[in-house]
Amino acid sequence: MDRETGKRNWGVSAGAGTVFAVLLLSLWQKGLFYDRDTHLLSLFLFLISFIVILYTRKVRMTLPLLITAIVSVCYAITLMLHPASTYGTEMQLIRWVMYGAWVILLTALLDGQRGGRGFRMVLAGTAVVGLISSVSALAMLYDYLPYNSGVMTSQDAQLSALGFRLSGLVQYPNTLGVIAGAFALLHLHGITAGKTLRDRVLAAMPLLPHLTVLGLTESRGAWLAFAVVWAAGYSSARGRRTLYLLHSAWFACWALAAVVSTASLWLSESSLVPLPVIVAWAGSIGLYMLLERLRYRRRAYVTGYVLIMAALLSWGAMMMPSGAANRVTEHYETAGARTLFYKDAWALWQRSPWLGAGGDAWRQQFASMQSEPYVGKEVHSSVFDFLLDIGVVGTLPVLTLAALALVLAWRRHAGLGMAGALIMLHSAIDFDLAYGFITLLLLLFLTLGTDVHGVAVPRDEPRRGGPLGRPGARRRRLAALALAAPLAAVAVLVSCHLAAQHFASTAAGATAQLHSAMRLTPADTALRIAVARRLPPQEAAALLAAGLRYERDGKALYRELALASERRGRAEEAAAYWKAAADSDRFDRVLQTEAVERLAAAARKASLQGDRQTAGLLANAAAERFRSYEADVRRVEAMPHPANGKRFAMTEEAKRAFASIYSLMSEPPAN
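Residues numbered from 1 in each chain as written. Predicted model: local features only at pLDDT ≥ 70, side-chain atom pairs only at ≥ 80, totals over all residues. Heavy atoms only, no water.

A. Structural view of the overall build of the chain. The secondary structure content of the chain amounts to 27 helices and 4 strands. A compact globule built from 671 residues should have a C-alpha radius of gyration of about 26 Å, and the chain, at 29 Å, falls within 12% of that. Projected onto its principal axes, the C-alpha positions of the chain cover 100 × 80 × 45 Å. Every one of the 671 residues in the chain was classed for burial, and the buried ones make up 53%. Relative to all contacts within the chain whose residues are 6 or more apart in sequence, the contacts with residues 24 or more apart total 72%. Of the roughly 30100 Å² that the chain leaves accessible, carbon and sulfur atoms contribute 61%. Between the mean site of the 67 positive side-chain charges and the mean site of the 46 negative ones, the chain shows a separation of 12 Å. (Helix = DSSP H or I, 4+ residues; strand = E, 2+ residues; numbered from the N terminus. Rg over C-alpha atoms; globule rule 2.2 N^0.38 Å. Buried < 20%, exposed > 50% of the residue type's maximum accessible area, 1.4 Å probe, protein only. Contact = heavy atoms within 4.5 Å. Areas by Shrake-Rupley, 256 points an atom, 1.4 Å probe, with all protein chains shown as cover. Lys, Arg positive; Asp, Glu negative; His and termini not counted. Charge placed at Lys NZ, Arg CZ, Asp CG, Glu CD.)

What follows is the structure, encoded as structure tokens:
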């Protein structure tokens, strides 16, 4: 091996190790669901991508990179058009530019051939991360790995038939089910396509834990999406359909036995809960190796498979906890709630159909217009998330390119295509892409699958005249500049947010440091409120009012403005801000009650001070808030089966506050 080859192999190994580390870190950080967890990782990926662009010159415009570029540009455009939340838009811009840097890293590791060293190492490292996800989720169930929210327990049959659902490191059963299901499909293809017994056994090793975790998440959406993609995989497995069916049935039977046995032991509080998975894992691989050695003795081969699978199915039916089957056939209230989300999302999208309302459009606005008092900070559909955030102009090309990339990936490597298809299909009915880990995983599957279709920037061109030298060199420089410039700009934005977090966390009462943090991230409403609470009323009001340019329908900001106006003695302003706050979340009974109470208390105070005019104004404002609150309560009570996750109802405190201002109102209350 010459020096150049050794250097190249070392670079590929280092890059594959980086990919593994990024995936593992993002999984550990709760799947990168929270924006604050993405900042340091994004800076790291920006640095790596700079190195790739400027030094290795591995610049490829692949379909996944084009998708991230389109989404990033759309968020950048909405950032300039007064989005619903400037802060939310900045966070999404950071995320998607980070995803672009991730794709640049991946493409640099691949040589355009499926059997390449980079491809094999990245795929192997990714498979290890997937196994860690499933094994760690099982370890949480066994209390081997203490982790908050790793197992969701519930006695509500609508939420769980087994009494628990695995949530894993991502702390959400549905998303954990998608992760496990995607890797199960990837390994199932590996078994079916394996040319030797060794290849098939290596591919089969992680399959049982993935299928068991998929079952224990009790995610019906993930089950359905898995079944659809599995069926599509069967139809495309030409020449290998029998093997595909056999391997699927074999490991599914073992997984079923492991799931029902684990659930039964857990419900009986047995100390042997880990035993079923251990036995099923060892049995599924050991007996599979034994039976595969009998492949050429056809009668023994078929009989062995049939008898063992029949025994496993019988065991599963016998050990099935009572009522577990109802999880499949009953309790579809969550599906009804999703239709409410989508109905309201459709109405909200029509306000800004073309370019969208920027990042966190749903979270920022849904409470002001939701039709029923459900709890839903996520719209439970990545498609609607895109429509609301970047409109039709961004969503249509992104979905088209994603579908094209999926088709190309499936044709080249069906396992990668099936894994990507499961994520994309389930994300249409849930918020999987809100997890950075899921998006990184999807882009990895698509990049590995479509790399052969990437267009590499030319490296060698005949020398032609001109002050800049060869046209190939000019194109490389332009391509590098086109990619490096936005990376640098967003890196500065991330640095500002990190610096602001540092100033805010170390301020310890120092207002000057909080002001410095505020100047770095003026769109951060939570930070703005924290700073305002340490300022005199006049300065606080001015600082809070300046925040209105950065968001719409922000009940927290409106509430703070109302309180600041009260401290300044601005009755009319306070009434207007309380109205805006309450209108921003009509079904928040705590906020509605607080608005009525604060306005009523201010009215009584003004009356005691002899200011009858101000007292009347505030009393009328309190009465208006109460009547609006009461009207919404009556509307919810009239609904046949409302999705009342917020437990919206009239409070006794609001009634007492309203009764206390009867004599101060300019118009007497109706009886």
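What follows picks up the thread again.
B. Representation of the nonpolar core. Among the nonpolar cores identified, the biggest contains 131 residues, and Val19, Phe46, Trp102, Ile423, Leu444 and Phe445 are the most heavily contacted of them. Considering each element in turn, this core owes the most residues, 15 residues, to helix α4 (residues 86-109). Residues in contact with phenylalanine 445, not counting those within four places in the same chain, are Thr126, Ala182, Phe183, Leu186, Leu416, Ala419, Gly420 and Ile423. The next biggest cluster of nonpolar side chains, apart from the first, holds 48 residues, and it includes Ile529, Leu599, Ala600 and Phe658. (Core = buried A, V, L, I, M, F, W, Y, C linked by side-chain atoms within 4.5 Å.)

C. Fine view of helix α17 (residues 414-427). Between its first and last C-alpha, α17 extends 20 Å over 14 residues, near the 20 Å set by a 1.5 Å rise per residue. α17 sits mainly inside the fold: 12 of its 14 residues count as buried. Looking at α17, one finds that the buried residues are Ala414, Gly415, Leu416, Gly417, Met418, Ala419, Gly420, Ala421, Leu422, Ile423, His426 and Ser427. (Expected span 1.5 Å × (residues − 1).)

D. Structural detail: helix α20 (residues 511-520). If you check which residues of α20 are buried, you get Leu514, Ala517 and Met518. End-on, the buried residues of α20 take up no more than an arc of 100 degrees, which puts them together on one face. The exposed residues of α20 that point more than 90 degrees off its buried face are Ala512 and Arg519. (Arc of directions from axis to C-beta.)

E. Broad picture of a nonpolar patch on the surface. On the surface, a cluster of nonpolar side chains totalling about 710 Å² of accessible area is made up of Val73, Ile77, Met80, Leu81, Trp354, Leu355 and Val393. Structurally, the position occupied by leucine 81 is in the loop between α3 (63-79) and α4. (Patch = residues over 30% accessible without salt bridge, like charges linked within 9 Å, V, L, I, M, F, W, Y side chains within 5 Å. Salt bridge = Lys/Arg side-chain N within 4 Å of Asp/Glu carboxyl O.)

F. The packing of helix α16 (residues 382-412) against helix α18 (residues 436-450), seen in detail. Contact pair α16 / α18: the axes reach a minimum separation of 8 Å and the direction vectors enclose 60 degrees. Between α16 and α18, the interaxial angle falls into the category oblique. Handedness of the α16/α18 crossing: left-handed. Judged by residue contacts, Ala405, Leu406, Leu408, Ala409 and Arg412 of α16 engage Leu446, Leu448, Gly449 and Thr450 from α18. Its residues placed into classes, the contact of α16 with α18 shows 6 nonpolar, 2 polar and 1 charged. (Axes fitted to C-alpha atoms, helices over the stretch in contact; angles between N-to-C directions. Parallel < 35°, antiparallel > 145°, perpendicular 65-115°, else oblique. Left-handed = near helix turned anticlockwise from the far one by under 90°. Nonpolar A, V, L, I, M, F, W, Y, C, P; charged D, E, K, R; others polar.)

G. Local environment of the environment of proline 373. When you line up the elements, proline 373 lands in the loop between α15 (361-365) and α16. By relative accessible area, proline 373 is classed as buried at 0%. Note: C-alpha distance between proline 373 and valine 636 (263 residues apart in sequence) is 7.9 Å. Here proline 373 is in contact with Phe587, Val636, Ala643, Asn644, Gly645, Lys646 and Phe648, once residues within four sequence places are set aside.

H. How the structure looks around the side chain of aspartate 588. Here aspartate 588 lies in the loop between α24 (571-584) and α25 (589-608). On the accessibility criterion, aspartate 588 (17% relative accessible area) is buried. At 3.1 Å, the side chain of aspartate 588 forms a polar contact with the backbone nitrogen of valine 590. The residues touching aspartate 588, leaving out its near neighbours within four places in the chain, are Lys555 and Phe648. (Polar contact = N/O pair within 3.5 Å; in protein donor to acceptor, adjacent residues only side chain to side chain.)

I. Representation of the packing of aromatic side chains in the model. Scanning all chains against the criterion turns up 28 aromatic pairs. Where tyrosine 234 meets tyrosine 244, the ring centres are 6.3 Å apart and the plane angle is 45 degrees; that geometry is what we call tilted. Within this pair, whereas tyrosine 234 is found in helix α9 (residues 220-236), its partner tyrosine 244 is found in helix α10 (residues 241-267), the two being separated by 10 residues in sequence. On the basis of relative accessible area, tyrosine 234 is assigned to the partly exposed category, the value being 28%. Summarising the aromatic geometry, the rings of phenylalanine 587 and phenylalanine 648 are spaced 5.1 Å apart at their centres and angled 75 degrees between planes, so their arrangement reads as edge-to-face. With phenylalanine 587 in the loop between α24 and α25 and phenylalanine 648 in the loop between α26 (612-637) and α27 (652-659), this pair connects stretches of sequence that are 61 residues apart. Residue phenylalanine 587 is classed as buried on the basis of its relative accessible area of 1%. For phenylalanine 648, a relative accessible area of 5% corresponds to the buried category. Here a set of aromatic residues connected by ring pairs shows up, and it is made of Phe33, Tyr34, Tyr172, Phe431 and Tyr435. A cation over a ring is seen here: arginine 241 above tyrosine 234, with NZ or CZ 5.4 Å from the ring centre. (Phe/Tyr/Trp six-rings, centres within 6.5 Å; stacked < 30°, edge-to-face > 60°. Lys NZ or Arg CZ within 6 Å of the ring centre and 35° of its normal.)

J. Focus on the pattern of salt bridges. According to the stated counting rule, one finds 20 salt bridges in the structure shown. When the shortest N-O distance is used, the salt bridge between lysine 579 and aspartate 583 registers 2.9 Å. Here the residue lysine 579 and the residue aspartate 583 both occupy positions in helix α24, the gap between them amounting to 4 residues, near one helical turn. For aspartate 583, a relative accessible area of 27% gives the class partly exposed. Among the ionic contacts, a cluster of salt bridges with common partners joins Arg533, Arg559, Glu560 and Glu594.

K. Molecular detail of the packing of helix α6 (residues 173-193) against helix α8 (residues 207-216). Where α6 meets α8, the closest approach of the two axes is 8 Å, and the angle between their N-to-C directions is 145 degrees. The hand of the α6/α8 crossing is left-handed. Residue-level inspection shows Leu176, Gly177, Ala180, Gly181, Phe183, Ala184, His187, Leu188 and Ile191 of α6 in contact with α8, the latter providing Leu207, His210, Leu211, Val213 and Leu214. Class assignment for the residues of the contact of α6 with α8 results in 10 nonpolar, 4 polar and no charged.

L. A look at the environment of alanine 184. Note that alanine 184 resides in helix α6. Sequence separation between alanine 184 and aspartate 389 is 205 residues; the distance between their C-alpha atoms is 32 Å. Contact partners of alanine 184, with chain neighbours within four places excluded, come to Leu207, His210, Leu211 and Phe226.

M. View of unusual backbone geometry. Residue aspartate 360 is not a glycine yet carries a positive backbone phi of 60 degrees. Looking at the element boundaries, aspartate 360 is found in the loop between α14 (333-349) and α15. Even without being glycine, arginine 647 reaches a positive phi, approximately 55 degrees. Here arginine 647 lies in the loop between α26 and α27.

N. Structural view of the environment of alanine 180. Tracing the backbone shows alanine 180 in helix α6. Setting aside anything within four residues of it in sequence, one finds alanine 180 in contact with Ser134, His210, Val213 and Leu214.

O. Main features of the confidence of the model for the chain. For the chain, the average pLDDT comes to 89, and 90% of its residues sit at 70 or higher. Of the regions scoring below 50 in pLDDT, residues 453-471 engages in 31 contacts with residues more than four places distant in sequence or in other chains. (pLDDT = per-residue confidence, 0-100.)

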